[in-house]
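What the coordinates show
Here is how the chains run, residue by residue.
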Amino acid sequence: MAVPEGGYREYTEEEKKRIAGLEKIVRVTPKQVSLQPGQRQSVKILLRKPEGLAEGEYRSHLSFVALPLHSAQENNQGETSLKLQLLMSYSMPVIYRTGSVIVNPEITNLSLVHIKESGVTNIKVDFYHDDLFSTHGRLVATWTPKNGTPREVGLLNGYNFYPETKNATIQFPWKDFKLAPGSLEVRYEGQGEYQGLLLAQKTLTITQQMIDSVK
């Protein structure tokens, strides 16, 4: 499950009962295979759509885990020794949607967060939506100094805003930050199926009075 500050966590038992995941209506085959180096294997996902399935987005993560062949072995003296092996894994979201896909995410607030330990200033973006479907895109921050030329100061690719999270907050660094009068615009531009769409945008104006107040 996506969390407002970014990342994921496991569903609680109560959430599993009331939130419909894709794993409840699909079957994955095969569940386990043995592959030689360079060998490929197709994994089939069979959807079993029940009658009366509510409109919305059904999402789960398909995980691939490489299992070690042996966890222990015997040496020449008959003693058991352990051999460490890296356990490689990969996870990818799988989404099924039903109904008309309508999305309307909103950037509710822009602010700046200065991290003293690193000296980095982050652009903090607060999101809200009440959609049944997720959006996928990139965040582009453009700074226009007063009487100056616009320039890109921040970029975050591949941001997903999922329906189970109504409010979300994301931060990304402002390159070569310098506090001065001007305006900061953040655009949430669609990627993938939303390519070419402007999903949301907001502008933060910084005045000389604001700068003087923090000195």
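What you see is a predicted model, and the numbers here were worked out from it, not measured in a lab.

In space, the four strands of this open sheet follow the order 10-9-12-13, with antiparallel pairing throughout. Edge positions in the open sheet fall to strand 10 (151–161) and strand 13 (198–206), since each of these has one partner strand only. Between one strand axis and the next, the sheet turns through 15 degrees on average, direction left out of account. Pairing between strand 12 (residues 182–190) and strand 13: eight bridges, direction antiparallel. Paired with leucine 184 across the bridge in strand 13 is leucine 204.

For the rest of this paragraph, the subject is the pattern of salt bridges. Applying the stated rule across the entire model yields seven salt bridges. With its nearest N and O atoms 2.9 Å apart, the salt bridge here joins glutamate 189 to arginine 138. Of this pair, glutamate 189 sits in strand 12 while arginine 138 sits in strand 9 (residues 135–145), placing them 51 residues apart in sequence. On the basis of relative accessible area, arginine 138 is assigned to the partly exposed category, the value being 28%. For glutamate 189, the salt bridge is made with arginine 187, and the minimal N-O distance between the two is 3.1 Å. Using a relative accessible area of 26% as the deciding quantity, one classes arginine 187 as partly exposed. When salt bridges with common partners are traced through the structure, they connect Glu57, Arg59, Arg97, Glu164 and Glu193 into a single cluster.

Our next topic: the nonpolar core. In terms of nonpolar packing, the biggest core is built from 24 residues, with Ile123, Val125, Phe127, Leu184, Val186 and Tyr188 touching the most fellow members. The biggest single contributor to this core is strand 13, with four residues. For valine 125, the contacting residues outside a window of four places in its chain are Ile107, Asn109, Leu110, Ala168, Thr169, Ile170, Phe172 and Val186. Counting six residues, the second largest nonpolar core, distinct from the first, contains Leu22, Tyr58, Leu62 and Val94.

This brings us to the sheet that holds strand 11 (residues 167–173). Taking strand neighbours across the sheet as the criterion, the three strands line up as 7-8-11 in an open arrangement whose pairing is antiparallel. Two strands lie at the open edges of the sheet, namely strand 7 (106–115) and strand 11, each paired on one side alone. Pairs of neighbouring strands in the sheet enclose a mean axial angle of 20 degrees, with direction left out of account.

Now for the packing of aromatic side chains. This model, assessed by the stated rule, comprises six aromatic pairs. Residues tryptophan 143 and tryptophan 174 carry aromatic rings whose centres are separated by 5.1 Å and whose planes lie at 55 degrees to one another, so their mutual orientation is tilted. Of the two residues, tryptophan 143 sits in strand 9 while tryptophan 174 sits in the loop between strand 11 and strand 12, which places them 31 residues apart along the sequence. Take tryptophan 143 and tryptophan 174: they sit in the same class, and that class is buried. Relative to tyrosine 188, the ring of tyrosine 159 lies with its centre 5.8 Å away and its plane at 65 degrees, an arrangement referred to as edge-to-face. With tyrosine 159 in strand 10 and tyrosine 188 in strand 12, this pair connects stretches of sequence that are 29 residues apart.

Conventions we followed
- Residues numbered from 1 in each chain as written.
- Predicted model: local features only at pLDDT ≥ 70, side-chain atom pairs only at ≥ 80, totals over all residues.
- Heavy atoms only, no water.
- Pairing = 2+ DSSP bridges.
- Helix = DSSP H or I, 4+ residues; strand = E, 2+ residues; numbered from the N terminus.
- Axes fitted to C-alpha atoms, helices over the stretch in contact; angles between N-to-C directions.
- Salt bridge = Lys/Arg side-chain N within 4 Å of Asp/Glu carboxyl O.
- Buried < 20%, exposed > 50% of the residue type's maximum accessible area, 1.4 Å probe, protein only.
- Core = buried A, V, L, I, M, F, W, Y, C linked by side-chain atoms within 4.5 Å.
- Contact = heavy atoms within 4.5 Å.
- Phe/Tyr/Trp six-rings, centres within 6.5 Å; stacked < 30°, edge-to-face > 60°.

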